[in-house]
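If you want the building blocks of each chain, they are given just below.
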Amino acid sequence: MDDKKTGMNQPAPSLWESNLVHAMRTAFRLSSHPDSRKILGAIMRNQAATAALRHRLQKEGVTVPAILIISATTACNLRCSGCYAGVCSSGIRKEMPLESLDRIIGEARELGVSLIMIAGGEPFLRPGLLETAARHRALPVVVFTNGTMVSERMELLSAHRNLLPVVSLEGSAEETDRRRGAGVYRQVTETMQSMRESDLLFGVSLTATAGNIDSVTDPGYAVKLRELGARMVFYVEYVPADPDAPQEPLSAEQKATLSRRFLKLSRQTGMLCVAFPGDETPYGGCLASGRGFVHINAAGGLEPCPFAPFSDRNAVTDGLLEALRSPLLAEVRKNHHMLEEGKGGCALWSNREWLAALAGNTGCCGKSGD
Ligand code: SF4
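Calculation rules
- Residues numbered from 1 in each chain as written.
- Predicted model: local features only at pLDDT ≥ 70, side-chain atom pairs only at ≥ 80, totals over all residues.
- Heavy atoms only, no water.
- Salt bridge = Lys/Arg side-chain N within 4 Å of Asp/Glu carboxyl O.
- Buried < 20%, exposed > 50% of the residue type's maximum accessible area, 1.4 Å probe, protein only.
- Helix = DSSP H or I, 4+ residues; strand = E, 2+ residues; numbered from the N terminus.
- Axes fitted to C-alpha atoms, helices over the stretch in contact; angles between N-to-C directions.
- Parallel < 35°, antiparallel > 145°, perpendicular 65-115°, else oblique.
- Left-handed = near helix turned anticlockwise from the far one by under 90°.
- Contact = heavy atoms within 4.5 Å.
- Nonpolar A, V, L, I, M, F, W, Y, C, P; charged D, E, K, R; others polar.
- Arc of directions from axis to C-beta.
- Polar contact = N/O pair within 3.5 Å; in protein donor to acceptor, adjacent residues only side chain to side chain.
- Pairing = 2+ DSSP bridges.

## Re the pattern of salt bridges
Line of reasoning, step 1. Taken as a whole and judged by the stated rule, the model has 14 salt bridges.
Line of reasoning, step 2. For the salt bridge of arginine 56 with glutamate 60, the shortest nitrogen-to-oxygen distance reads 3.1 Å.
Line of reasoning, step 3. Overall, arginine 56 belongs to the partly exposed group, its relative accessible area being 45%.
Line of reasoning, step 4. A residue is classified by how much of its surface remains accessible, and glutamate 60, at 49% relative accessible area, is partly exposed.
Line of reasoning, step 5. One salt bridge in this structure joins glutamate 174 and arginine 178, with 3.2 Å as the shortest N-O distance. Separated by 4 residues within a single helix, glutamate 174 and arginine 178 lie in helix α8 (residues 173–180), roughly one turn from each other. Judged on exposure class, the residue glutamate 174 and its partner arginine 178 are both exposed.
Line of reasoning, step 6. Ionic contacts of the salt-bridge type, sharing partners, join the residues Glu170, Arg179 and Arg180 into one network.

## Concerning the packing of helix α1 (residues 14–29) against helix α3 (residues 47–59)
Line of reasoning, step 1. Where α1 meets α3, the closest approach of the two axes is 12 Å, and the angle between their N-to-C directions is 150°. With respect to their mutual orientation, α1 and α3 come out roughly antiparallel. The hand of the α1/α3 crossing is right-handed. Contacts between α1 and α3 involve Glu17, Val21 and Met24 from the former and Gln47, Ala51, Arg54 and His55 from the latter.
Line of reasoning, step 2. Split into classes, the residues belonging to the contact of α1 with α3 amount to 3 nonpolar, 2 polar and 2 charged.

## Observations regarding unusual backbone geometry
Line of reasoning, step 1. A cis geometry characterises the amide bond from glycine 120 onward to glycine 121, with omega recorded as 5°.
Line of reasoning, step 2. Along the polypeptide, glycine 121 turns up in the loop between β2 (115–119) and α6 (129–134).
Line of reasoning, step 3. In this structure, the amide linkage connecting phenylalanine 276 to the following residue, proline 277, adopts the cis form with an omega of -5°.
Line of reasoning, step 4. Relative to the assigned elements, proline 277 resides in the loop between β7 (272–276) and β8 (293–296).
Line of reasoning, step 5. A positive phi is found at aspartate 199, a non-glycine position, where the angle reads about 50°.
Line of reasoning, step 6. Position of aspartate 199 relative to the elements: it lies in the loop between α9 (184–197) and β5 (203–208).

## Overview of helix α11 (residues 219–227)
Turn by turn, an α-helix covers 3.6 residues, leaving residues three or four places apart pointing in a common direction.
Line of reasoning, step 1. Within the span of α11, buried status applies to Tyr221, Ala222 and Leu225. Axial view of α11: buried residues confined to an arc of 100°, hence all on one face.
Line of reasoning, step 2. On its buried side, α11 packs onto β4 (163–169), α9, β5, α10 (213–216), β6 (232–237) and α12 (252–269).
Line of reasoning, step 3. In this structure aspartate 218 caps α11, since a side-chain oxygen of it lies 3.0 Å from the backbone nitrogen of glycine 220.
Line of reasoning, step 4. Looking at the residues trailing α11, positive phi occurs at glycine 229, about 110°.

## Here's the deal with the pairing of strand β1 (residues 67–71)
For a regular strand, the rule is simple: side chains alternate between the two faces of the sheet.
Line of reasoning, step 1. Within β1, 5 of the 5 residues are buried, which leaves it mostly tucked inside the rest of the structure.
Line of reasoning, step 2. Bridging between β1 and β8 involves 4 bridges; their strand directions are parallel. Residue pairing for β8: isoleucine 69 is matched across the bridge by histidine 295.

Right under this line is the structure:
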């Protein structure tokens, strides 16, 4: 096995894998509906075999991540200030067909991926997307949504409890509407009440900025989210991807505050609270490029991370297994020591000039596009 510095075939840190399984087990224990417990329990019982698959492929030189993030559409009904997706997916002209998405999720399961995260754009906006993901009942599918189009899909979510919606808020009604648009806070909290009434297991995603770090990590606010029915909270560090938006990345001190507070909030509220990317130091640094997760853009391009729109393989044309043999991602892992986190919650975004040069060196098409 290569030493730490080269990292080429470094397996995922075992601490990361055990923490992931612990997080999944915690979330599933918080589900109360019998159908949720049945389907999520079966998924949990399969985690050891799933991890063994990854480890076997690692020995064969293929780094299979535990989490696969798929931004399956670029379309969105909102125009949030500072939206990274709008910037990072700007080169995409044509979205992958749903049949390809279906095949990629199936391949992910066969290769040992433990968790699918569907992002966008707005996933509830693309017809057939959720039905396609829901078919894969052996995989938990976290669906990041702006929460304004969920109410009319309660039946689907109740019937397919491997789908785990995570709605977005920015803190108070005023903070949320300022960034996401007038009335969005009311729509999202009404959606949360509907999901609570349907006894769905769901969560909330909070983008932590220099301006709202205190309100989104306020214990009273966390209790309110729990009373609205949430059982998981994702604290996502703001990445200043949109140069035209207010640049509000967390300072180093605020990052440390977030790392302390989300663990405390988890204990205080009993909800599963995670920070993304959070403090990756215990894992030897950035978990992108397959060490913990990879990203597939709406055209199928395989990228190190949602905030790093560079790819040299496409899971639609190459298949997922071949795409995971990406020279670009291997090069990023090999130069892992380069990924010092700077201003803004993503080491790859902070080092995008280096990544662009790397992408150039590996002959990739550079900025991801169709
Ligand atoms: S809902 Fe998400 S994808 Fe849509 S504009 Fe807002 S941040 Fe961007």
